[in-house]
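So you can see what is in the structure, the chains are spelled out below.
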Amino acid sequence: MIGLMETSSPELVQKARMALGKRNLVLVGLMGAGKSAIGRLVAQALSVPFIDSDHEIERVSRMSISDLFAAYGEEEFRALEARVMKRLLKTGPRVVSTGGGAFINERTRRHIKRGGLTVWLKADLDVLWERVNKRDSRPLLKTENPKQTLENLMNARYPIYAEADLTVHSRDVKKEMVVEDVLAAIAAWPIKK
């Protein structure tokens, strides 16, 4: 894989860093949108730490996301997620990828909006389905018709994801192209004084 610094112009990276300042960059979107994969590469390009909030939740609870859902249900999971996000966003700058439902929870969304610049990685149903249907680790897709469930989640969540500061289309292209789009969107964002 070509290093991002070879594909991203130093000027674009510098502009994005300046626009981000000390804020966190928080990636939101549905499962399969690329929040973790793109987030790692954006963090690398910006030379800031990357944190996957789902991994952090698993670390502090010592349970997998699937096990947390099974043992405590979605409501308790969302409460834990809100607490973890609030803690993660106290310092920055860094890139934080969120679980698909994090931004949907009103309390978590308030923490995210206060703690950073939000980017919605928006993807079409076929792209998402191609990315998620090979794994059995998605608790919300353990249904009779998982593709229909995914479409229902899109219909319910996309209006809320649209509240993000920026929207970048996650599509079936090389990850570096989506990273470039994210960096360009950040670079175009007004710098906070």
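Everything numeric here is computed off the predicted structure, so don't read it as measured data.

1. Re the overall build of the protein
Move 1: Each helix and strand counted, the protein has 9 helices and 5 strands in total.
Move 2: Starting at the N terminus, the α and β elements of the protein follow one another as α-α-β-α-β-α-α-β-α-β-α-α-β-α.
Move 3: Here the protein has a C-alpha radius of gyration of 16 Å; the compact-globule value for 193 residues is 16 Å, and the two agree.
Move 4: Summarising its shape, the C-alpha atoms of the protein cover approximately 50 × 35 × 30 Å along the three principal directions.
Move 5: Among the 193 residues that make up the protein, the fraction classed as buried is 47%.
Move 6: Taking the contacts inside the protein whose residues are at least 6 apart along the sequence as the reference set, 75% of them involve residues at least 24 apart.
Move 7: The average position of the 32 basic charges and that of the 24 acidic charges among the side chains of the protein differ by 8 Å.

2. What to know about the nonpolar core
Move 1: Counting residues in hydrophobic clusters, the biggest one holds 58 residues, and the most contacted among them are Leu25, Val42, Leu121, Leu183 and Ile186.
Move 2: Among the elements that take part in this core, helix α5 (residues 65–88) stands out by supplying 8 residues, more than any other.
Move 3: For isoleucine 186, the residues in contact, after removing those within four places along its chain, are Ala16, Ala19, Leu20, Leu25, Leu117 and Leu166.

3. Structural notes on helix α4 (residues 53–61)
Move 1: Listed as buried for α4 are Ser53, Glu56 and Ile57. Buried residues of α4 fall within an arc of 100° about the axis and therefore sit on the same side.
Move 2: Its buried side turned inward, α4 meets β2 (50–52), α5 and β3 (95–97).
Move 3: Arginine 62 lies just past α4 and shows a positive phi near 60°.

4. Regarding the pattern of salt bridges
Move 1: Evaluated as defined, the whole model comprises 9 salt bridges.
Move 2: The partner of glutamate 56 in a salt bridge is arginine 59, and the shortest N-O contact between them spans 2.6 Å. Highlighted residues: glutamate 56 and arginine 59, both in helix α4, separated by 3 residues, approximately one helical turn.
Move 3: The class of arginine 59 is exposed, set by a relative accessible area of 53%.
Move 4: For glutamate 106, the salt bridge goes to arginine 110, with nearest N and O atoms at 3.6 Å. With a gap of 4 residues between them, glutamate 106 and arginine 110 both fall in helix α6 (residues 106–115), about one helical turn apart.

5. Some thoughts on the pairing of strand β5 (residues 166–169)
Move 1: Of the two faces of β5, only one is covered, namely that formed by Leu166 and Val168; the face formed by Thr167 and His169 stays uncovered.
Move 2: Pairing between strand β4 (residues 116–122) and β5: 4 bridges, direction parallel. Looking across to β5, one finds that valine 119 is bridged to leucine 166.

6. Quick word on the packing of aromatic side chains
Move 1: Scanning the model with the defined rule gives 4 aromatic pairs in all.
Move 2: Taking the centre distance of 4.8 Å and the plane angle of 35° together, the rings of phenylalanine 69 and phenylalanine 77 count as tilted.
Move 3: By relative accessible area, which is 15% here, phenylalanine 69 ends up buried.
Move 4: With a relative accessible area of 3%, phenylalanine 77 lands in the buried category.
Move 5: Three or more aromatic residues joined by ring pairs make a cluster, and in this case those are Trp120, Tyr158 and Tyr161.
Move 6: The lysine or arginine in question, arginine 109, covers the ring of phenylalanine 103, its NZ or CZ lying 6.0 Å from the ring centre.

Conventions and cut-offs
- Residues numbered from 1 in each chain as written.
- Predicted model: local features only at pLDDT ≥ 70, side-chain atom pairs only at ≥ 80, totals over all residues.
- Heavy atoms only, no water.
- Helix = DSSP H or I, 4+ residues; strand = E, 2+ residues; numbered from the N terminus.
- Rg over C-alpha atoms; globule rule 2.2 N^0.38 Å.
- Buried < 20%, exposed > 50% of the residue type's maximum accessible area, 1.4 Å probe, protein only.
- Contact = heavy atoms within 4.5 Å.
- Lys, Arg positive; Asp, Glu negative; His and termini not counted.
- Charge placed at Lys NZ, Arg CZ, Asp CG, Glu CD.
- Core = buried A, V, L, I, M, F, W, Y, C linked by side-chain atoms within 4.5 Å.
- Arc of directions from axis to C-beta.
- Salt bridge = Lys/Arg side-chain N within 4 Å of Asp/Glu carboxyl O.
- Pairing = 2+ DSSP bridges.
- Phe/Tyr/Trp six-rings, centres within 6.5 Å; stacked < 30°, edge-to-face > 60°.
- Lys NZ or Arg CZ within 6 Å of the ring centre and 35° of its normal.

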